[in-house]
Amino acid sequence: METDAAFADMKLAPLDRATLEHEFDRLLAENGPGVARLAASFTNTASDRDDLLQEIAMAVWRALPGFRGDCSARTFLYRIAHNRAIAFLARHRGRFAAAGGEIDAPDPAPDPESGLARAQSAERLRRAVHRLPMLYRQVITLTLEGLGYSEIAEVLGISETNVGARLSRARQLLRESLENRK
Amino acid sequence: MNWDTELDQWRGAWQSESAVPADLRRRVARQARFLRIMLAGDILVTVVIGGGTLLLAARQPRPEMLVLAAATWLFVAIAWAFRLTVNRGLWTTPALDTAAYVDLLVRHARAKIAATVFGACLFAAEIAFCLVWIYRETSPGRPLARWLLFSSPFIDLVWVGSALFLGFLIWYRRRQRAELIWLLQFLQE
């Protein structure tokens, strides 16, 4: 990946502000949608998601000068995003606990003839992911974003074997959840 | 279903951009801006009109001024009570999906339609009070009916302004009803 090559160069010399801004913009531009989906999977409302995204962006900006390229740029970004999301949940645990950790809007029934059917299918998946226990939600969201076992292991700070075990259980729970809501 | 096919399907759905159509996202963002502007307007009116009448009553503590200040604050309180009631739950979507976005926009449209009726009633009450107050202050001896009709350019301006405002409310209400119909049709498509 182009970003990773750029970050590899960062080890050689301290970054000036312009380079830092450029790399920051590129990192978020390449991974923005994925990070937004990750933030959405941890929050219940658009305003909470936006707050969390802002916190993630600020944390990335602060951490970027210290990044030494010892992992991929994407892993670096998702690790920060994930840590900020956990901190965000801990800080607002009263609100999320009260909501049962679930999105509280009605679940729209799928209609094959509806123009919304595809969107509703994606929404059902998002809801099902949102209902998973945190342990499994972490692994499945990163997997759905396309991260490999080793990257997920680095982001979460667990072994690859553990990632595999959690992912297997997460998929089983997700499948059951989707079938129950059909 | 094959293990990896299933995961690929989930991944495709997860990463799809179609969860909330861009047009709906833009409309919700526009409504949030509208709410902020209306709130700022309400605060400005409360401070300027409410504060102004209080200042007048403090400088000229006559019964008429006290009545004017009290009536102004009564109207302001009624307007705020309506605004806070009708705006409840309109600031953000309860969830990040199409159904929640459409539902929020439907509630926005219904709130605006209700606001046009409320606005017309409150405006009529305010105009009635103000005209009676001005009449008693400026021309208590003249016949009220004659005073109300073409007695001065100011009164003419009040009627023209009122007609324009009511015309705007009727146009706005029609526009919001069209928006509501569009949203309900969007849900049924």
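Calculation notes
- Residues numbered from 1 in each chain as written.
- Chains lettered and ligands numbered in written order.
- Predicted model: local features only at pLDDT ≥ 70, side-chain atom pairs only at ≥ 80, totals over all residues.
- Helix = DSSP H or I, 4+ residues; strand = E, 2+ residues; numbered from the N terminus.
- Buried ≥ 20, exposed ≤ 12 C-beta atoms within 10 Å, placed from the backbone.
- Contact = placed C-beta atoms within 7 Å.
- pLDDT = per-residue confidence, 0-100.
- Axes fitted to C-alpha atoms, helices over the stretch in contact; angles between N-to-C directions.
- Parallel < 35°, antiparallel > 145°, perpendicular 65-115°, else oblique.
- Nonpolar A, V, L, I, M, F, W, Y, C, P; charged D, E, K, R; others polar.
- Core = buried A, V, L, I, M, F, W, Y, C linked by C-beta atoms within 7 Å.

## Topic: the overall build of chain A
The helix and strand tally for chain A stands at nine helices and zero strands. Of the regular secondary structure in chain A, the N- to C-terminal order runs α-α-α-α-α-α-α-α-α. Relative to its 182 residues, chain A shows a buried fraction of 36%. Within chain A, contacts between residues at least 6 apart in sequence are counted, and of these 70% link residues at least 24 apart.

## Brief notes about the overall build of chain B
In terms of regular secondary structure, chain B is built from six helices and zero strands. Looking at chain B residue by residue over its 189 residues, the buried ones come to 15%. Considering only residue pairs separated by 6 or more positions, chain B has 70% of its internal contacts joining residues 24 or more positions apart.

## Some details on the confidence of the model for chain B
Caution applies to low-pLDDT regions: their predicted coordinates should not be interpreted in detail. All names here are of chain B. Confidence in the prediction of chain B, expressed as mean pLDDT, is 87, and 92% of residues score 70 or more. Confidence, expressed as mean pLDDT per element, reaches its minimum in chain B at helix α5 (residues 144-148) with 82 and its maximum at helix α3 (residues 63-86) with 94. Quick note on the complex model: pTM equals 0.52, ipTM equals 0.72.

## Topic: the packing of helix α8 (residues 149-156) of chain A against helix α9 (residues 160-180) of chain A
All names here are of chain A. At their nearest, the axes of α8 and α9 sit 8 Å apart, and the two run at 100° to each other. In terms of axis orientation, α8 runs roughly perpendicular to α9. Along its contact with α8, which presents Tyr-149, Ser-150, Ile-152 and Ala-153, the element α9 presents Glu-160, Val-163 and Gly-164. Split by residue class, the contact of α8 with α9 holds four nonpolar, two polar and one charged.

## Some thoughts on the environment of Thr-72 of chain B
All names here are of chain B. Structurally, the position occupied by Thr-72 is in helix α3. Put simply, Thr-72 and Gly-50 are 22 residues apart on the chain and 6.3 Å apart in space, counted from C-alpha to C-alpha. Setting aside anything within four residues of it in sequence, one finds Thr-72 in contact with Ile-49, Gly-50 and Thr-53.

## Looking at the environment of Leu-53 of chain A
Turning to its location among the elements, Leu-53 of chain A is positioned in helix α3 (residues 46-63). When neighbours within four sequence positions are excluded, Leu-53 of chain A is seen to be in contact with Val-35, Ala-36 and Ala-39 of chain A.

## What about the nonpolar core?
Counting 37 residues, the largest nonpolar core has Ala-39, Ile-56, Leu-77 and Ala-81 of chain A as the members making the most contacts within it. Contributing elements (two or more residues each) for this core: α2 (17-42), α3, α4 (73-91), α6 (117-131), α7 (134-144), α8 and α9 of chain A together with α1 (3-15) of chain B. No other element matches α4 of chain A, which puts eight residues into this core.

## What to know about α7 of chain A
All names here are of chain A. The buried fraction of α7 amounts to eight of the 11 residues, a majority that puts the element mostly inside the structure. Every buried residue of α7 is accounted for by Arg-137, Gln-138, Val-139, Ile-140, Thr-141, Leu-142, Thr-143 and Leu-144. Backbone geometry just downstream of α7 places Gly-146 in the positive-phi region, at approximately 95°.

## Thoughts on the environment of Ala-165 of chain A
Residues and elements named next belong to chain A. Among the structural elements, Ala-165 can be located in helix α9. For Ala-165, a count of 13 C-beta atoms within 10 Å corresponds to the partly exposed category. Sequence separation between Ala-165 and Tyr-136 is 29 residues, and the spatial gap between their C-alpha atoms is 9.8 Å.

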